[in-house]
Amino acid sequence: MRVFVLFSAVMAAGLGLSFAAENDVSFQLHGQGWTDRGRIMSSSDRVLGDGITAYSVDGSPIQSLGGQFTLDASLGEHWSGAFGLGVYQVTQSYGSVGEASNYTEWFNTSMWRAYVPQANLTYYPGGRDNPWLTVTAGTFAYDYNPDVKNLGLYLLRGPVYPGVLMSGFREFDTDTSIGTQTGFKIHNAVGNFSHDLLFLNERVLPPTFDWSLAYVAKYRLFKALEVGAGVNFYRLVPYSTALETPGRLGGGTASPGSYEVRAPGDTVFYTHQGTKLMGMFSLDLKRWISSGRMSAQDLKLYGEVAVIGVKDYGSYYNKIQERIPAMAGFNIPTFGILDVLSIEGEWYGSHYRNDLANLGYPRSIVAPWQDPGFGTPSPVPVSPGTYADSVADNIKWSVFAQKTVARHIQFTLQVANDHYRPNQLGTAFVNAVGGTQAVLTAKKDWYMMGRIGFSF
Amino acid sequence: MRARKMMAMNVRIPFLLAVLTLAAVASSFAQDLRLEVHGAGWTQMGKIEESYVGLDQQGANDKNWMQNSGVQIGVTAKADAHWDAGLALGVVGVHLNRGSTEVANFWYPFWVPYVGEARVTYTDSLFNAGKFQLTMGSFGYAYNPDVKNLGGYLMRGYVYPGAIESGFGTVFGALARYEQGKFRNDVILKSEELRPAYDLSLIDVISYRVIPGLELGAGVNFYRLIPRDPDLTTPGLQCTGSYGQCSYVVDSSGNLVASPNSSNPTQDTITGSLAGTKLMARFSADPKALFGFDRLGSLVLGKQDLVLYGEWALLGLKNYPVFYDDPLRRMPVMLGFNLPVFGQLDYLSLEVEYYASKNSSDNSSANFCGGWVPRQNDDSVYGRDDWKWSVNAAKSLLTNLQFSAQLANDHLRTGGWHNAPNSGSEALRTPKDWYWTCKLAYFF
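Basis of the calculations
- Residues numbered from 1 in each chain as written.
- Chains lettered and ligands numbered in written order.
- Predicted model: local features only at pLDDT ≥ 70, side-chain atom pairs only at ≥ 80, totals over all residues.
- Heavy atoms only, no water.
- Helix = DSSP H or I, 4+ residues; strand = E, 2+ residues; numbered from the N terminus.
- Buried < 20%, exposed > 50% of the residue type's maximum accessible area, 1.4 Å probe, protein only.
- Contact = heavy atoms within 4.5 Å.
- Areas by Shrake-Rupley, 256 points an atom, 1.4 Å probe, with all protein chains shown as cover.
- Buried area = accessible area lost by both parts, 1.4 Å probe.
- Salt bridge = Lys/Arg side-chain N within 4 Å of Asp/Glu carboxyl O.
- Disulfide = S-S within 2.5 Å.
- Phe/Tyr/Trp six-rings, centres within 6.5 Å; stacked < 30°, edge-to-face > 60°.
- Lys NZ or Arg CZ within 6 Å of the ring centre and 35° of its normal.

*Asks:* Is there a simple way to think about the overall build of chain A in this case?
*Replies:* Helix and strand counts for chain A come out as three helices and 23 strands. A burial count over chain A gives 57% of its 456 residues as buried. Restricting to contacts in chain A with at least 6 residues of sequence separation, those with at least 24 account for 68%. Total accessible area computed for chain A in this model is approximately 18,300 Å², and 60% of it derives from carbon and sulfur atoms.

The structure is reproduced here in structure tokens:
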């Protein structure tokens with residue numbers, strides 16, 4: 001954080017000078033509001049991360065609403081800024097704990113949560129009219145693969161060890177339309193080539209405040225095909241070296257399983273640090289098939305593949321082929337009836353649970369009244385439970401449809417079996433459990449969400 | 001402003017900054033739609049002078065101060081001739097109810113953000129005769145604009161138990177409105193947020209302006225018509241929670257049996273449901289318009305002066321033995337009158353309500369277990385909370401500043417103490433109980 005504060009101070013000083021010199025400030029207001037309603041139609045998982053407590057979110061309803069305002073400020077020829085404020089409603093999950101719904105139903109808590117969708121400054125060395133290079137600092141939105149509606153975006157979503165994937169319907173920690181990234185970004189575009197260098201602070205997943213260095217390059221050719229690749233040196237600069245490799249911690253603070261004694265003198269220490277690789281493509285087939293009635297998104301084929309941790313080590317991470325998720329998507333032509341109708345599919349051969357329980361991050365509605373049982377964040381995965389078949393959740397799919405009317409009002413529907421991670425279930429007035437794991441673990445599991453929203 | 005039972009978030013400074021900035025840039029939208037920025041800020045303070053919370057806590061709220069302040073900013077956006085949308089975000093400061101001195105160390109303030117509105121609306125003419133509107137999302141709705149405090153029975157609170165709630169809420173759902181001349185009809189599909197949440201209620205409200213100065217209205221609420229989980233809304237013999245009662249036994253005379261005997265054929269087990277039907281009727285009469293005068297003597301009357309209004313409701317069409325056996329005891333009725341203030345105030349109203357329910361006004365059994373049976377009434381003199389009253393006054397200063405005050409013995413629920421479940425109790429349950437509050441608000 002010291003680096004960030006120092007950089008901010010320098011930027012603020014520079015900005016002050018720029019303002020004095022240019023004194024040319026204008027604003028543009030943006031906003032969006034939405035209401036959601038949906039239902040988990042089938043969820044087979046019945047075991048919490050502790051492997052003991054029976055729970056279910058099968059048939060649970062989902063409802064929420066929210067909104068945000070953002071201001072884009074033009075701060076002279078070389079600077080722009082953006083900040084915003086948002087509020088949304090968050091509710092504990094309905095369902096059952098210990099085969100009974102009396103706790104989750106009657107202790108269910110719903111509350112409002114405020115967030116900052118944007119808070120950043122951007123510098124244009126060549127001027128705003130010639131933005132070949134930009135430097136952005138703060139909290140900003142970043143989406144290297146805008147074709148993705150739900151699955152994918154592996155490079156910047158989720159940890160490396162364990163290789164947990166993250167997705168869902170406009171989940172706040174995965175939604176690329178709001179400022180989920182905090183740090184710095186340098187963007188350069190020359191002709192058909194563009195690339196981004198990012199230095200990002202981990203502010204969601206424990207251990208927090210580590211810095212990651214990522215790079216994404218993309219190239220467009222034949223006006224229809226875009227290919228890209230990226231690398232993420234995840235947690236390259238740790239906030240706490242001791243927390244990074246928790247198995248080395250002495251005394252009683254070491255997480256169970258964070259190290260593995262293979263032979264006398266040969267101990268494997270698992271670490272949160274790791275390297276992700278990513279490749280992607282987007283092919284706009286309608287460039288070659290002339291049809292004036294097609295929507296801008298129709299007939300696009302896109303995909304992404306990643307390696308979640310290039311290093312094989314220990315008994316948990318000894319098969320790289322189990323750490324390679326791949327997804328493909330296709331926008332079915334609707335000839336202007338819809339903005340987009342996409343179908344996405346994903347394969348990921350990991351046989352561990354898609355569960356953040358060993359890291360922590362319980363997505364609590366309120367701070368737990370009692371110790372929820374999470375200790376030092378551990379880089380080892382959660383083993384499959386009774387209901388989390390090691391291969392039943394390898395294939396994911398998502399169907400996404402959106403229709404805009406009057407240019408600003410959107411109707412959205414998503415039906416999916418993805419990595420949706422519901423909020424905690426209430427077990428008392430304050431206490432809650434769950435919230436760390438994806439709950440669609442079988443082929444027959446799915447949920448649906450609808451949204452009415454507007455943006456300007 | 002009703003205290004919101006949400007998480008503490010101190011975001012005062014960012015929101016104030018946003019208000020100032022939004023005001024500054026109201027004319028700088030480079031958009032193809034027409035935007036209007038609006039907002040409000042307020043500070044409210046008051047005191048519960050006398051209270052009665054129950055046998056165990058008696059007057060625990062006596063002399064308790066209440067205060068809150070907040071801001072709200074919003075935008076209405078007109079996209080084209082048919083579509084418009086609204087978004088409003090706010091933050092309100094909330095103090096937990098202090099209660100008795102024994103728990104005063106739990107008394108602390110916190111800030112709660114909220115979404116005041118997030119809706120889209122489609123407007124069109126219907127058969128070139130009337131206006132049709134379909135609103136979807138989350139939005140405010142008040143069918144009785146005269147009401148300052150009491151009334152509003154159709155949309156607020158449960159049916160069984162028929163505990164009356166005060167305050168103004170929003171509707172999460174959809175509203176279809178048809179207006180033609182003097183007639184208006186609103187059909188609402190509302191997602192209930194009281195537990196069990198997300199049941200859908202279907203509501204119809206009509207208004208008809210008979211002649212200038214006289215408006216009549218009526219409504220029906222098929223409360224929880226479409227339950228999310230029928231077993232929660234209509235629980236059968238046993239509640240799924242442990243804070244209330246979902247069935248009881250009566251003898252052949254319809255009297256409550258304290259110790260049921262399952263082998264006794266003359267005893268009958270009564271089960272029921274949170275679902276039910278509410279009916280409402282209302283009127284608003286303005287003698288100024290009815291009889292065509294605008295002053296008394298030489299004094300010019302204000303727009304709201306002399307307006308007489310009232311509302312009646314039936315909370316539940318169905319009778320159940322013992323607790324809901326008399327429809328007359330499920331009929332709240334209120335009457336309000338705006339005293340003549342001749343422009344010195346915006347209004348000065350007096351509202352009175354009569355509700356002869358002999359059941360407890362504590363709705364926590366429904367809220368914590370789906371119990372449609374009322375909680376045991378711990379007040380042996382159950383009739384002493386039948387009458388409610390409220391005096392309200394408001395005065396606008398300059399163009400955008402309003403000072404308002406309220407003195408009342410109403411259905412105030414101060415909420416539970418820290419981590420306390422008993423938040424369904426009313427704080428004012430005897431004739432001598434009352435509180436006052438005043439508010440200074442700025443809006444644009």
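*Asks:* Any chance you could explain the interface of chain A and chain B here in plain terms?
*Replies:* One widely used convention gives an interface's size as the accessible area the parts lose upon coming together. Residue-level contacts link 52 residues of chain A with 61 residues of chain B. Of the roughly 4,700 Å² buried between chain A and chain B, counting both surfaces, carbon and sulfur atoms make up 71%. When the buried area of chain A at its contact with chain B is split by residue, A:Phe69, A:Trp106 and A:Trp112 rank highest and sum to 18% of it. Between chain A and chain B we count one salt bridge in total.

*Asks:* What is the right way to look at the state of the cysteines in this model?
*Replies:* One way to say it: the disulfide is the covalent bond shared by the sulfur atoms of two cysteines. Residues and elements named next belong to chain B. What the rule picks out here adds up to one disulfide over all chains. Paired through a disulfide, Cys-239 and Cys-246 show a sulfur-sulfur distance of 1.8 Å. Here the S-S torsion is close to 100 degrees, and the disulfide linking Cys-239 with Cys-246 is therefore right-handed. Judged by its relative accessible area of 2%, Cys-246 is buried. Residue Cys-369 stays outside any disulfide, its sulfur separated by 3.4 Å from that of Cys-239, the closest cysteine.

*Asks:* How do you make sense of the packing of aromatic side chains when you look at a structure like this?
*Replies:* Two descriptors summarise a pair of aromatic rings, namely the distance from one centre to the other and the angle between the planes of the rings. Taken as a whole and judged by the stated rule, the model has 31 aromatic pairs over all chains. Geometrically, the ring pair formed by A:Tyr161 and A:Tyr313 is edge-to-face, given 5.2 Å between the ring centres and 85 degrees between the ring planes. Taken as a pair, A:Tyr161 in the loop between β8 (133–140) and β9 (181–190) and A:Tyr313 in the loop between β16 (300–308) and β17 (326–331) lie far apart in primary sequence, 152 residues in all. We classify A:Tyr161 as buried; its relative accessible area is 2%. According to the relative accessible area criterion, A:Tyr313 is buried, its value standing at 9%. Measuring from ring centre to ring centre gives 6.3 Å for A:Tyr316 and A:Tyr317, while their planes differ by 55 degrees; the resulting arrangement is tilted. Owing to a relative accessible area of 4%, A:Tyr317 belongs among the buried residues under this scheme. Taken together, the aromatic side chains of A:Tyr161, A:Tyr270, A:Tyr313, A:Tyr316, A:Tyr317 and A:Tyr352 make up a single cluster linked through ring pairs. Seen from the ring of A:Phe169, A:Arg170 lies directly overhead, with NZ or CZ sitting 5.7 Å from the centre. The ring centre of B:Tyr52 lies 4.8 Å from the NZ or CZ of B:Arg384, which sits over that ring.

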